[in-house]
Amino acid sequence: MKKYNFNAGPSKLPSDVMKAVSAACIDFENSGLSLMEMSHRAKNFQPVVDEAVSLFRELLSIPDGYSVLFLGGGASLEFCMVPYNFLERKAAYLNTGVWAKKAMAEAKLFGETVEVASSADTTYNYIPRGYTIPTDADYFHVTTNNTIYGTELHRDLDSPVPMVADMSSDIFSRPIDVSKYICIYGGAQKNLAMAGVTFVIVKNDALGRVTRPIPTMLDYRTHVKGGSMFNTPPTVPIYCALQTLRWLKREGGVMEMQRRAEEKAKLLYGEIERNKLFRPTVTNPDDRSYMNICFVMNDEYKELEADFLSFATERGMVGVKGHRSVGGFRASCYNAVTIDDVKALVACMQEYERQH
Ligand SMILES: *Cc1c(COP(=O)(O)O)cnc(C)c1O
């Protein structure tokens, strides 16, 4: 049966990407070796990193003076590396969910950390507005897309201090003004590659300003200097990211991804609002994520939740169960998810409605 993959992460990748990675895992560019058994310092691997970095720069219009790094440890290690490298006096955080809260908890280990606003009061189903960012903060940290709750910042915010962003689940889904940030990071397994690699975009002259000593591997300067090769980087996931970046460029880049994301989101939110069985969990349309679309069954149909889930599963839908902290359903519509995938889910919701 055809599967429609709405997993939140690791998540759907374009089939071209998976074919290219599979082929390289058997025989990398006719070298007679698998990519899995090659040195990261091999002559034919360096071009993989170089091209991935240059496509990052091109697709996101990254200005000069920034480095692109491919590291291990996940976005979760960046929660600690960010304050280690940037927090001297004070840091400001916008608390829009569990990931933001985890990032903030790490910052507290290093210095004064201000929560400028929080949407925890209603299970993070909105993006706070109208807060004040302290002007003496070293940085203001945001989570641009809240994977679990389905809220998203669709534009770069204005901030009196440089921003740091966790873009794990919406990188490459819209253009970004990189110059507003000193650091953008994320796990690649949502919208870029298989699990195992973390991307970091860091402003070079923002580094080296804290007075504390930083362990070598946690110091961004180590990886800037080493070109992501200070130690062994995750070679196969980096190759996977390269394939996705090539695919992104062929498909029209981030403007086209933004157009598709809006089209998919409009279709699915439209159906959630029209269908008598369902309602969205995020009430303000401006705050609704295009990447992770969360919905629940209306109160009078609540007892049908498990039944709808098995109905959808029988029709090939994968990963539509909501995160345990929110319940209901979540359809993750990352770049590789097509409008036809979303149409199949909509048809499934309509068929279920007719039966009830
Ligand atoms: C998944 C996710 C994380 C955690 O990423 P890891 O790579 O597993 O550490 C952090 N932030 C956001 C927004 C996420 O979606």
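The model shown is predicted, which means the values in this text are computed figures rather than measured ones. (Residues numbered from 1 in each chain as written. Predicted model: local features only at pLDDT ≥ 70, side-chain atom pairs only at ≥ 80, totals over all residues. Heavy atoms only, no water.)

Caption draft 1: Focus on the overall build of the protein. Helix and strand counts for the protein come out as nine helices and 14 strands. Its C-alpha atoms give the protein principal-axis dimensions of about 60 × 55 × 30 Å. At a minimum sequence separation of 6, the contacts of the protein that also span at least 24 residues come to 65%. Accessible surface for the protein amounts to roughly 14800 Å². Of this, 52% is attributable to carbon and sulfur atoms. Placing the 40 positive and 42 negative side-chain charges of the protein at their respective mean positions leaves the two points 1 Å apart. (Helix = DSSP H or I, 4+ residues; strand = E, 2+ residues; numbered from the N terminus. Contact = heavy atoms within 4.5 Å. Areas by Shrake-Rupley, 256 points an atom, 1.4 Å probe, with all protein chains shown as cover. Lys, Arg positive; Asp, Glu negative; His and termini not counted. Charge placed at Lys NZ, Arg CZ, Asp CG, Glu CD.)

Caption draft 2: Inspection of the site of the ligand at higher detail. Taken together, 14 residues sit near the ligand, with Ser76, Thr147, Asp166, Gln189 and Lys190 positioned nearest. A distance of 2.6 Å is found between a nitrogen atom of the ligand and a side-chain nitrogen or oxygen belonging to aspartate 166. Across the complex, the protein chains shield 87% of the 380 Å² of accessible surface that the ligand would expose by itself. Examining the composition of the shell around the ligand, we find that four residues originate from one element, helix 3 (residues 74–86), more than from any other. Class assignment of the residues belonging to the shell around the ligand gives a composition of three nonpolar, nine polar and two charged. (Near = heavy atom within 4 Å. Polar contact = N/O pair within 3.5 Å; in protein donor to acceptor, adjacent residues only side chain to side chain. Nonpolar A, V, L, I, M, F, W, Y, C, P; charged D, E, K, R; others polar.)

Caption draft 3: Spatial organisation of the sheet that holds strand 12 (residues 292–297). Taken together, the three strands give an open sheet; going across it, the order is 11-12-14, and neighbouring strands pair in antiparallel fashion. Two strands in the sheet have a free side with no partner beyond their single neighbour: strand 11 (278–280) and strand 14 (329–332). Sheet twist, expressed as the average angle between the axes of neighbouring strands with direction ignored, equals 35°. Examined bridge by bridge, strand 12 and strand 14 share four bridges and lie antiparallel to one another. Looking at the pairing, cysteine 294 lines up with arginine 330 of strand 14. Lying over the sheet, helix 7 (residues 253–274) contacts strand 11, strand 12 and strand 14, oriented at roughly 10° with respect to strand 12. (Pairing = 2+ DSSP bridges. Axes fitted to C-alpha atoms, helices over the stretch in contact; angles between N-to-C directions.)

Caption draft 4: Broad picture of the pattern of salt bridges. Taken as a whole, this structure holds 22 salt bridges when the rule is applied. Among the ionic pairs, arginine 246 bridges to glutamate 51, the shortest N-O distance being 2.8 Å. Residue arginine 246 is found in helix 6 (residues 235–251), and its partner glutamate 51 is found in helix 2 (residues 46–60); the two are separated by 195 residues along the sequence. Residue classification places arginine 246 among the partly exposed residues on the basis of a relative accessible area of 29%. Measuring nitrogen to oxygen at the nearest pair gives 3.1 Å for the salt bridge that ties glutamate 58 to lysine 249. You can see glutamate 58 sitting in helix 2 and its partner lysine 249 sitting in helix 6, a full 191 residues away along the chain. Look at glutamate 58 and you get partly exposed, because its relative accessible area is 44%. Three or more residues are tied together by salt bridges with common partners; here these are Glu251, Glu256, Arg259, Arg260 and Glu263. (Salt bridge = Lys/Arg side-chain N within 4 Å of Asp/Glu carboxyl O. Buried < 20%, exposed > 50% of the residue type's maximum accessible area, 1.4 Å probe, protein only.)

Caption draft 5: Here's a closer look at unusual backbone geometry. The omega torsion across glycine 9 and proline 10 is -10°, close enough to zero to call that bond cis. Positioned with a positive phi, glutamate 29 is a non-glycine residue whose angle comes to about 45°. One non-glycine residue with positive phi stands out, namely serine 228, at about 65°. As for its placement among the helices and strands, serine 228 is situated in the loop between helix 5 (220–226) and helix 6. Looking at serine 228, the relative accessible area reads 4%, which means it is buried.

In short, shape yes, function no, at least from these values alone.
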